[in-house]
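# Coordinates in review
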Protein chains: 2
Amino acid sequence: MTSRLSFNSMTADRCSLPEVTEACAAHGIEWIGPWRHKVAEIGVDEAARRIADAGLRVSSLCRGGFFAADGADEDNRRAVEEAAALGTDALVLVCGPPATKDLPLARAEIERGIERLLPFAAEHGVRLGIEPLHPMMLGERSAIVTLGEALDIAERIGDPGVGVVIDVYHTFWDPRLAQEIARAAGRIVGYHVNDWLRETSHTLLERGMMGDGIIDLHGFSAMIEAAGYGGPIEVEILNPAIWEMPLSELVPLTVDRFERYVL
Amino acid sequence: MTSRLSFNSMTADRCSLPEVTEACAAHGIEWIGPWRHKVAEIGVDEAARRIADAGLRVSSLCRGGFFAADGADEDNRRAVEEAAALGTDALVLVCGPPATKDLPLARAEIERGIERLLPFAAEHGVRLGIEPLHPMMLGERSAIVTLGEALDIAERIGDPGVGVVIDVYHTFWDPRLAQEIARAAGRIVGYHVNDWLRETSHTLLERGMMGDGIIDLHGFSAMIEAAGYGGPIEVEILNPAIWEMPLSELVPLTVDRFERYVL
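Not measured: the values here are computed from a predicted model.

### Considerations on the side chain of T11 of chain B
All names here are of chain B. Inspection of the secondary structure assignment puts T11 in the loop between β1 (5–8) and α1 (17–26). You can call T11 buried: its relative accessible area is 0%. Looking at T11, its side chain comes within polar contact range of the main-chain oxygen of V235, at 2.8 Å. Apart from residues lying up to four places away in sequence, T11 is in contact with V235, E236, I237, I242, W243 and L250.

Structure (structure tokens):
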């Protein structure tokens, strides 16, 4: 089971990428999902070397997107190049907040941004995975807040180079979840796990370790499997309490919880 | 326009109900939407007298619900009696969190709880308004987190005594909003306004005053009007920064923002 576990670097955001790759290798993890700011600390070539030296493969690069930001198109092309250089075929897209109060317009502009990026990504062998974020993150991070909307965009574009990244934290609340995951068959670029803590007061930094919250992770994973996704599963947790743990405790805890709760 | 403004007591949660009713009357407000804990402070008979003396009508009572809690059925019948005693035909339902990780089960049990309450509510001339809360409130307050799910329940029950309460804060993010509001025609028991502040880090206490955030309130109200709702519109804001304002400033500010942003 652990062969599908990918350690997303955000789960240990206070550590360097070499520290994380070494800890993953030491505990039998085979995949890593790096964020770009961690890659930038040592440069993409050095990052690729370190990851390869540790015997790891890259499940995806986090993240492109933020289509309404200045210079977004250029930055997104760099993200594609970095993904290709790291040897992954998946770039996670966090699409960015709406520029105005016109949400349908913001969503249409995001779709056009993805369409502009697609040919460049295809040339580099990189698929674009639209990650719907939790609706509470709309104002600061993403106008795309449901799996249904992400799939609508992917279906309209209708190219195998555009799919979705499904994170349990962002989507588990959705009463349409089962039908949307079934609809996602063939378009799932990535699957992220963690947990929703029952008592949550912060909109960004209270993501939980698998098993500590209220998400039916086995049931979620069964839907993802039934939709045909058999790729790596990233553990991505944004939480200062997790970040304070030494890697020598955090990485084995992650493996244990993954084996008990995810598959 | 102000004739449709209803001041929800939560917007001034640090004040007593008599203080709020007097301030509303002094500034030309005709409706109030009290919470039960404010009614309980002075008793329901005294609350009804104070509200009548101020020349106000009650748009709704907040709140019943929490169907998985101990003693929920009995407490919800008391809420119905209080609503009737206050002269309103609307009880807002906040349905409560799931007891387990089984969300479909939690939602089915909520539906059965509403069905059990319905005959008693009908005898008292009180309609039940299911209020979907923002998905970030699922773990602590409500398993019902989309307008679509609330409408599915109301349609399955199929009784004019069960409808929905639509709050802009809880629902504006939904890409299916327009179609769901249109579907809600004839079932809208209440409409709540406030705003979503672009930078939001707290899941409960950072609701904004109309005009301070990113919700297209005029567009939202137009959809509500098109669905045929012409009743009172409650201003409900949970925010300590708002609660610190004296009523002599807060109430006229509320009237001003309502006139400029809501209709």
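Now that the structure has been shown, we can carry on.
### Some words on helix α6 (residues 147–157) of chain B
Residues and elements named next belong to chain B. Counting buried positions over the 11 residues of α6 gives eight, a clear majority of the element. Regarding α6, the residues found buried are L147, G148, E149, A150, L151, I153, A154 and I157. Those residues of α6 that are buried lie in contact with α5 (103–123), β6 (127–130), β7 (162–167) and α8 (177–183). G158 sits one or two residues past α6 and shows a positive phi near 65°.

### A short note on the pattern of salt bridges
Residue and element names in this part refer to chain A. Per the stated rule, a full pass over the model turns up 42 salt bridges over all chains. The residue R50 makes a salt bridge to E22 at a minimum N-O spacing of 3.5 Å. With R50 in helix α3 (residues 44–53) and E22 in helix α1 (residues 17–26), this pair connects stretches of sequence that are 28 residues apart. The class for R50 is partly exposed, based on a relative accessible area of 31%. For the salt bridge of R183 with E155, the shortest nitrogen-to-oxygen distance reads 3.0 Å. Taken together, the residues span a long stretch of sequence, with R183 in helix α8 (residues 177–183) and E155 in helix α6 (residues 147–157) at a distance of 28 residues. Taking relative accessible area as the criterion, R183 reaches 28% and is therefore assigned partly exposed. Among the charged side chains, a salt-bridge network with shared partners connects R36, E74, D75, R78 and E82.

### Observations concerning the packing of aromatic side chains
A complete count under the given rule lists seven aromatic pairs over all chains for this structure. Here the aromatic rings of Y191 of chain B and F220 of chain B are separated by 5.8 Å at their centres, their planes lie at 15°, and the arrangement is stacked. Placement of the pair is Y191 of chain B in strand β8 (residues 188–193) and F220 of chain B in helix α9 (residues 217–226), with a sequence separation of 29 residues. Classification of Y191 of chain B by relative accessible area gives buried; the value is 1%. An aromatic cluster of three or more residues is present, and its members are Y169, F172 and W196 of chain A.

### What about the interface of chain B and chain A?
Across the boundary between the two partners, chain B contributes 32 residues, which contact 32 residues of chain A. Approximately 2700 Å² of surface area, both sides summed, lies buried where chain B meets chain A, with 56% of it carried by carbon and sulfur atoms. When the buried area of chain B at its contact with chain A is split by residue, K101, W173 and R198 of chain B rank highest and sum to 23% of it. There are zero salt bridges connecting chain B and chain A. For the side of chain B that touches chain A, the per-class residue count stands at 14 nonpolar, nine polar and nine charged.

Calculation notes
For every chain, the first residue of the written sequence is number 1, and numbering continues from 1 along that sequence. The naming scheme follows written order: chains are lettered A onward, ligands numbered 1 onward. Residue-level local features of this predicted model are given only where pLDDT is at least 70; pairs of side-chain atoms are given and counted only at 80 or more, and the full residue set underlies all totals for whole chains, interfaces and linings. Hydrogen atoms and water are omitted, and side-chain values are computed over all heavy atoms in the structure. Strands are runs of DSSP state E lasting at least two residues, helices are runs of H or I lasting at least four, and both sets are numbered from the N terminus onward. Throughout this description, buried means an accessible area under 20% of the type-specific maximum (1.4 Å probe, protein chains only), exposed means over 50%, and partly exposed covers the range between. In protein, a polar contact requires one atom able to donate a hydrogen and another able to accept it; more generally it is a pair of N or O atoms within 3.5 Å, and residues adjacent in sequence count only if both atoms are side-chain atoms. Whether two residues touch is decided by their heavy atoms; if any such pair falls within 4.5 Å, the residues are in contact. Here, a salt bridge means any side-chain nitrogen of Lys or Arg that lies within 4 Å of a carboxyl oxygen of Asp or Glu. Note on aromatic pairs: the rings of Phe, Tyr and Trp (six-membered ring only in Trp) are paired at centre separations within 6.5 Å, and the planes decide the class, stacked below 30 degrees, edge-to-face beyond 60, tilted for the rest. Buried area: the accessible area, evaluated with a 1.4 Å probe, that two parts lose upon being put together, summed over both parts. For this classification, Asp, Glu, Lys and Arg are treated as charged, while Ala, Val, Leu, Ile, Met, Phe, Trp, Tyr, Cys and Pro are nonpolar and the rest, including Gly, are polar.

What is shown is where atoms sit, not what they do.
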